[in-house]
Amino acid sequence: MFSITEKMCRRHVSAIRKEPDTLFLNKENEISFCEDLKSYVHRDPFINIFLGRTFLSHEMVETVGVDKLAGRIVGSASRASFIEKTVFMNRLKEEMCPQKPKKVQITKTMDKLKNARGGSVALNTGYHIPLVGFGTYKVEGNQVLPAIDAALTAGYRMFDTAKYYNNEKELGDAFKILLPKHNLTRQDIFITSKFFPEMDDCLIGSHKLIDESLEKLDTNYIDMYLVHYPKPKDALDDDVKNAERRKLTYLAFEEAKDAGKIRSIGVSNYEVFHLEELKSYAKYQPCANQVEFHPHFTRSKLHAYCRDNGIFFQAFSSLARQAPELIEDSVVVEMAKGHDTTVPLILLAWARCQGVGIVPKSATPARVTENFKVIDVVLTPDEIKLLADLNRNKDYIRCTGWLVK
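- By the naming in an unreviewed UniProt entry, the protein is NADP-dependent oxidoreductase domain-containing protein, taken from Caenorhabditis remanei.
- Regarding the protein, the UniProt comment filed under Sequence similarities (unreviewed entry) reads as follows: "Belongs to the aldo/keto reductase family."

### Here's the deal with the sheet that holds strand 6 (residues 222-227)
Piece 1. In spatial order, the strands read 3-4-5-6-7-8-9-10; together these eight strands make up an open sheet with parallel pairing. The outermost strands of the open sheet, each flanked by one partner alone, are strand 3 (134-135) and strand 10 (357-358).
Piece 2. In this sheet, strand 4 (residues 158-160) lies alongside strand 3 in parallel orientation, the contact comprising two bridges. Each bridged residue has a counterpart across the sheet, and for Phe 134 the counterpart in strand 4 is Phe 159.

### Some points on the packing of helix 14 (residues 330-338) against helix 15 (residues 343-352)
Piece 1. Contact geometry of helix 14 with helix 15 gives a least axis separation of 9 Å together with a crossing angle of 95°. Judged on the interaxial angle alone, helix 15 and helix 14 are roughly perpendicular. For the pair formed by helix 14 and helix 15, the contact residues are Val 332, Val 333, Met 335 and Ala 336 on the first element and Val 343, Ile 346 and Leu 347 on the second.
Piece 2. Among the residues forming the contact of helix 14 with helix 15, the class breakdown is seven nonpolar, no polar and no charged.

### Some remarks on helix 14
Piece 1. Residues of helix 14 that are buried: Val 332, Met 335 and Ala 336. One face of helix 14 carries all of its buried residues, which in axial projection span an arc of 100°. Facing away from the buried side of helix 14 by over 90 degrees, the exposed positions are Ser 330, Lys 337 and Gly 338.
Piece 2. Looking at the buried positions of helix 14, the neighbouring elements they touch are helix 13 (324-327), helix 15 and helix 17 (381-388).
Piece 3. Here helix 14 starts with a cap whose side-chain oxygen sits 2.9 Å from the backbone nitrogen of Val 331, and that cap is Asp 329.
Piece 4. Downstream of helix 14 by a residue or two, Asp 340 has a phi angle that is positive, lying close to 50°.

### Some points on the pairing of strand 6
Piece 1. Burial within strand 6 is extensive, with six of its six residues counted as buried.
Piece 2. Taken together, strand 5 (residues 190-195), helix 9 (residues 202-216) and strand 6 constitute a β-α-β crossover, and its handedness is right-handed.
Piece 3. Note: strand 6 against strand 7 (residues 262-268), five bridges, orientation parallel. Bridge pairing in strand 7 places Tyr 225 opposite Ile 265.

### A short note on the packing of aromatic side chains
Piece 1. Under the counting rule described, the total for this entry stands at 15 aromatic pairs.
Piece 2. A centroid spacing of 6.4 Å and a plane angle of 20° characterise the contact between Tyr 137 and Tyr 164, whose relative ring orientation is stacked. Highlighted residues: Tyr 137 in the loop between strand 3 and helix 7 (144-154) and Tyr 164 in the loop between strand 4 and helix 8 (168-181), separated in sequence by 27 residues.
Piece 3. The class for Tyr 164 is partly exposed, based on a relative accessible area of 44%.
Piece 4. Here the basic side chain of Lys 257 rests over the ring of Tyr 284, its NZ or CZ set 5.0 Å away from the ring centre.
Piece 5. The aromatic ring of Tyr 221 is capped on one face by Arg 263, whose charged end is 3.8 Å from the ring centroid.

### So, the nonpolar core
Piece 1. In terms of nonpolar packing, the biggest core is built from 75 residues, with Ile 148, Tyr 156, Phe 159, Leu 275 and Leu 379 touching the most fellow members.
Piece 2. A total of eight residues in this core trace back to one element, the largest contributor, which is helix 15.
Piece 3. When residues no more than four places from it in sequence are discounted, the contact partners of Leu 275 are Val 267, Tyr 270, Pro 286, Asn 289, Leu 302, Tyr 305, Cys 306 and Ile 311.
Piece 4. Membership of the second largest hydrophobic core comes to 18 residues, among which are Met 158, Leu 226, Cys 287 and Ala 288.

### What to know about the confidence of the model for the protein
Piece 1. Averaged over every residue, the pLDDT of the protein is 83; the share at 70 or more is 73%.
Piece 2. Counting interchain partners and residues more than four positions distant, the pLDDT-below-50 stretch residues 41-84 has 69 contacts.
Piece 3. Across residues 101-110 the pLDDT falls below 50, and counting only partners more than four positions away or on other chains, this stretch makes eleven contacts in the model.

### Looking at the side chain of Thr 219
Piece 1. Tracing the chain through its elements places Thr 219 in the loop between helix 9 and strand 6.
Piece 2. A polar contact of 2.9 Å, which involves the side chain of Thr 219, links it to the side chain of Arg 186.
Piece 3. Engagement of the side chain of Thr 219 in a polar contact is seen with the backbone oxygen of Tyr 221, the distance being 3.0 Å.
Piece 4. Ignoring any residue separated from it by four or fewer positions in sequence, one finds Thr 219 in contact with Arg 186 and Leu 214.

### A closer look at unusual backbone geometry
Piece 1. Of note in the backbone geometry, Asp 201 takes a positive phi value of approximately 50° without being a glycine.
Piece 2. Phi angles above zero are rare outside glycine, and Asn 269 is one such case at about 65°.
Piece 3. Structurally, the position occupied by Asn 269 is in the loop between strand 7 and helix 11 (272-278).

### Quick look at empty space enclosed by the protein
Piece 1. Under the defined criterion, the tally for this structure stands at one cavity of 30 Å³ or more.
Piece 2. The space that makes up the largest cavity amounts to roughly 30 Å³.
Piece 3. Residue composition of the lining of the largest cavity, grouped by class: five nonpolar, two polar and three charged.

### Digging into the layout of surface pockets
Piece 1. Reported here for the largest pocket is a volume of approximately 950 Å³.
Piece 2. What lines the largest pocket is a set of 37 residues, and nearest its centre among them are Tyr 137, Phe 316, Ser 317, Arg 321 and Ile 397.
Piece 3. By volume, the second largest pocket is sized at about 150 Å³.
Piece 4. For the lining of the second largest pocket, the secondary-structure elements that each account for two or more residues are strand 1 (120-122), helix 12 (300-308) and strand 9 (312-316).
Piece 5. With three residues, helix 12 is the single largest residue contributor to the lining of the second largest pocket.

Analysis parameters
- Residues numbered from 1 in each chain as written.
- Predicted model: local features only at pLDDT ≥ 70, side-chain atom pairs only at ≥ 80, totals over all residues.
- Heavy atoms only, no water.
- UniProt positions renumbered as here; feature names shortened; annotations may be inferred.
- Pairing = 2+ DSSP bridges.
- Helix = DSSP H or I, 4+ residues; strand = E, 2+ residues; numbered from the N terminus.
- Axes fitted to C-alpha atoms, helices over the stretch in contact; angles between N-to-C directions.
- Parallel < 35°, antiparallel > 145°, perpendicular 65-115°, else oblique.
- Contact = heavy atoms within 4.5 Å.
- Nonpolar A, V, L, I, M, F, W, Y, C, P; charged D, E, K, R; others polar.
- Buried < 20%, exposed > 50% of the residue type's maximum accessible area, 1.4 Å probe, protein only.
- Arc of directions from axis to C-beta.
- Polar contact = N/O pair within 3.5 Å; in protein donor to acceptor, adjacent residues only side chain to side chain.
- Right-handed = clockwise from strand over helix to strand, strands pointing away.
- Phe/Tyr/Trp six-rings, centres within 6.5 Å; stacked < 30°, edge-to-face > 60°.
- Lys NZ or Arg CZ within 6 Å of the ring centre and 35° of its normal.
- Core = buried A, V, L, I, M, F, W, Y, C linked by side-chain atoms within 4.5 Å.
- pLDDT = per-residue confidence, 0-100.
- 1 Å grid on protein atoms, 1.4 Å probe; cavity = no way out; pocket = protein on both sides within 12 Å on 5 of 7 lines; lining within 4 Å.
- Points joined across faces, edges and corners; volume = space filled by probe spheres on them.

So this is what it looks like as structure tokens:
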């Protein structure tokens, strides 16, 4: 015997009122309609046939015959319109005889980017990140649209930005225009952003910055968000509050991940001791560490630590800011000649061929296109070692995370 409660009837009636072209005449009629339907459903064993269920046995109901008066409630009562009664019975059927949900094939970002041109890596979150990304540092204003257009045309599917770059809004506008142009959707690209910890109110401030990124980039999730640096931009390296600030920032990222706003959490410019520190409080270990990396600054200890701990190693400034000491080195120049390519592509390939992510940047469309040709340059293990032997432990960027306490 069914137990159809008055509460359920009232709930369905309330839902029916929101349906278009339906209207109860007044509150009294609505209450009466609920009561009559409840009575009818309780007493009519043939309701099972309507609902597609097995016929109720006589032992399961108090009244085995169809109550003609109650039957007229569903058939022709004047208290409610035919539409209202039909909608009610349809809703009732859905609740009492729920259909098995259809299996929907959902294509996840991790699957779409698994076969990205130039290769991809599975982060410790399961999502795939392309090895070759487009860096947007100093790509601002009117430069953004043509640069992103060239990048999408060339084959880039990973885009790296930051609060510090001051171009999230322009990137969001560009994607809105260009993704349809290239027959792509949001799930076809991977977006990274990052920011420095706040000096005060790190937890609340971080949430505000994350929400700001979502709004400016015109998206409901960020593929990867990084703590840009292990301290606030204006804090001293030895400020005793640095550890607590980066902790609160990371915890805010975790909360945003749980809320579906961020898919993968990472860091940038972190050293081994910063990463070890994270283990004491992080629910999610960082998926990536983005640092300066090139043949003059091989970061071998940090690189090995990240590899051993499942942290994707991603390089910035792969060309060492075009430092003559590196780009004019005879070893690099001769290797470029041997591969019939350019010095920049050799330096980019040195990282990519080790499974290290790269994010070359340029505001010039022709250079954007040229940099993506790195996917065609394959270095041998001996060539990789030859370039690594040029190491000087020399950094060319003012990102000295190893000094931050």
